[in-house]
Amino acid sequence: KQEVTQIPAALSVPEGENLVLNCSFTDSAIYNLQWFRQDPGKGLTSLLLIQSSQREQTSGRLNASLDKSSGRSTLYIAASQPGDSATYLCAVPEGSAGGTSYGKLTFGQGTILTVHP
Amino acid sequence: KAGVTQTPRYLIKTRGQQVTLSCSPISGHRSVSWYQQTPGQGLQFLFEYFSETQRNKGNFPGRFSGRQFSNSRSEMNVSTLELGDSALYLCASSFQASGRRTGELFFGEGSRLTVL
């Protein structure tokens, strides 16, 4: 059974800092890995999707890397801003490329990020 | 292009009642999944539908059910509500077609259910 762990559980940084959020998974036979952002009381916003064949993806100030062999992914946020404050979640679908249930994701518990001015 | 739409956004029920939640996926998306989010358990998968067929089901009691219509809209129903059913229920859709599938899920804003 796939298990996803995110470290740290919470992070508080001053504005402008570069930071790294960590995600680890127990079964390395994943099809992809997705990072989400969730604001309080809101739904999930997709940030980045990394396919199993990719090593990293970038979107603006965000960069996500994937190392399947070690079962790890990192989300790098450059020049953090107060508007980045949210909970960040990583998730992987059940199964592998041969038989993946794309709609069934296993989520980590999330990292609560606070960026103060 | 409109995103995933969930209704109602907020609702309050009492124990023993039933509730129906609705989800309209992104146009062209045929896969719809449902999740329950609580502070204690985090995000837990309920079920997934594709072309009106339930493709996968999570570890929830039979009081939780769902269905998908021919236009890909989906509903989930919870009968005989319990206090522990209070949660944010999230719906997600994805585009899945042979040879054109990234597996990216897009979520709605959720339906906040409070059971008194």
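Up top is the structure these notes are about.
Conventions we followed
- One numbering rule holds for all chains: residues counted from 1, following each sequence as written.
- Numbering of ligands from 1 and lettering of chains from A proceed in the order in which they are written.
- In keeping with the predicted nature of the model, local features appear solely for residues at pLDDT of at least 70, side-chain atom pairs appear and are counted solely at 80 or more, and the whole-chain, interface and lining totals rest on all residues.
- Here the side-chain values reflect all heavy atoms present in the structure, with hydrogen atoms and water set aside.
- By definition, residues are in contact when any of their heavy atoms lie within 4.5 Å.
- The term buried area denotes the loss of accessible surface (1.4 Å probe radius) that occurs when two parts are joined, taken as the sum for both partners.
- For this document, the term salt bridge refers to a Lys or Arg side-chain nitrogen within 4 Å of an Asp or Glu carboxyl oxygen.
- The definition of a polar contact used here is a pair of N or O atoms within 3.5 Å, where within protein one atom must be able to donate a hydrogen and the other to accept one, and adjacent residues in sequence count solely through side-chain atom pairs.
- A run of H or I in DSSP becomes a helix once it reaches four residues, and a run of E becomes a strand once it reaches two; helices and strands are each numbered from the N terminus.
- A pair of strands is labelled paired if DSSP reports no fewer than 2 bridges between them.
- Here an angle of 0 to 180 degrees is reported between the N-to-C directions of two axes, which are lines fitted to C-alpha atoms, with helices fitted over the stretch in contact.
- Any two cysteine sulfur atoms lying within 2.5 Å of each other are counted as a disulfide.
- Each residue's exposure class comes from its accessible area (1.4 Å probe, protein chains only) as a fraction of the maximum for that residue type: buried when under 20%, exposed when over 50%, partly exposed otherwise.

Points about the interface of chain B and chain A
Chain B puts 23 residues into the contact, and the matching count from chain A is 21 residues. Buried surface at the junction of chain B and chain A, both sides included, amounts to about 1800 Å², of which 49% is carbon and sulfur. Applying the counting criterion to the chain B and chain A interface returns zero salt bridges. Counting across the interface, chain B meets chain A through eight residue pairs in polar contact (both at pLDDT 80 or more). Of all the elements in the fold, those that place two or more residues in the side of chain B that touches chain A are β4 (31-38), β5 (42-50), β6 (53-57) and β9 (87-94) of chain B.

So, the sheet that holds strand β7 (residues 64-68) of chain B
By definition, the strands of a sheet pair up through backbone hydrogen bonds, in either a parallel or an antiparallel sense. Residues and elements named next belong to chain B. Taking strand neighbours across the sheet as the criterion, the four strands line up as β1-β3-β8-β7 in an open arrangement whose pairing is antiparallel. Strands with a single pairing partner mark the edges of an open sheet, and in this sheet they are β1 (5-7) and β7. Sheet twist, expressed as the mean angle between neighbouring strand axes with direction ignored, is 15°. Pairing between strand β3 (residues 19-24) and strand β8 (residues 74-78): five bridges, direction antiparallel. Residue pairing in the sheet places S22 in a bridge with E75 of β8.

Concerning the state of the cysteines
One pass over the structure, following the stated rule, counts two disulfides over all chains. With its sulfur 2.0 Å from that of its partner, A:C23 forms a disulfide with A:C90. Measuring the twist about the S-S bond at about 80°, one finds the A:C23-A:C90 disulfide to be right-handed. Remark: A:C90 occurs in strand β9 (residues 86-94) and A:C23 occurs in strand β3 (residues 19-25); sequence separation between them is 67 residues. We classify A:C90 as buried; its relative accessible area is 0%. Between B:C23 and B:C91 runs a disulfide, and the two sulfur atoms are separated by 1.8 Å. Measuring handedness by torsion sign, the sulfur bridge of B:C23 and B:C91 sits at about -60° and is left-handed. Here B:C23, found in strand β3, pairs with B:C91, found in strand β9; they are 68 residues apart in sequence, far enough to count as distant. The class for B:C91 is buried, based on a relative accessible area of 0%.

Concerning the pattern of salt bridges
Enumeration according to the criterion identifies eight salt bridges over all chains in this entry. For A:D84, the salt bridge is made with A:R61, and the minimal N-O distance between the two is 2.8 Å. Of this pair, A:D84 sits in the loop between β8 (72-77) and β9 while A:R61 sits in the loop between β6 (56-59) and β7 (62-67); the two residues are 23 residues apart in sequence, bridging distant segments of the chain. On the basis of relative accessible area, A:D84 is assigned to the buried category, the value being 7%. Under the relative-accessibility criterion, A:R61 is labelled partly exposed at 30%. When the shortest N-O distance is used, the salt bridge between B:D85 and B:R63 registers 2.8 Å. On the criterion of sequence distance, the pair formed by B:D85 in the loop between β8 and β9 and B:R63 in the loop between β6 and β7 is long-range, its members being 22 residues apart. The same class applies to B:D85 and to B:R63, which are both buried. Salt bridges sharing common partners tie together B:R63, B:E82 and B:D85.

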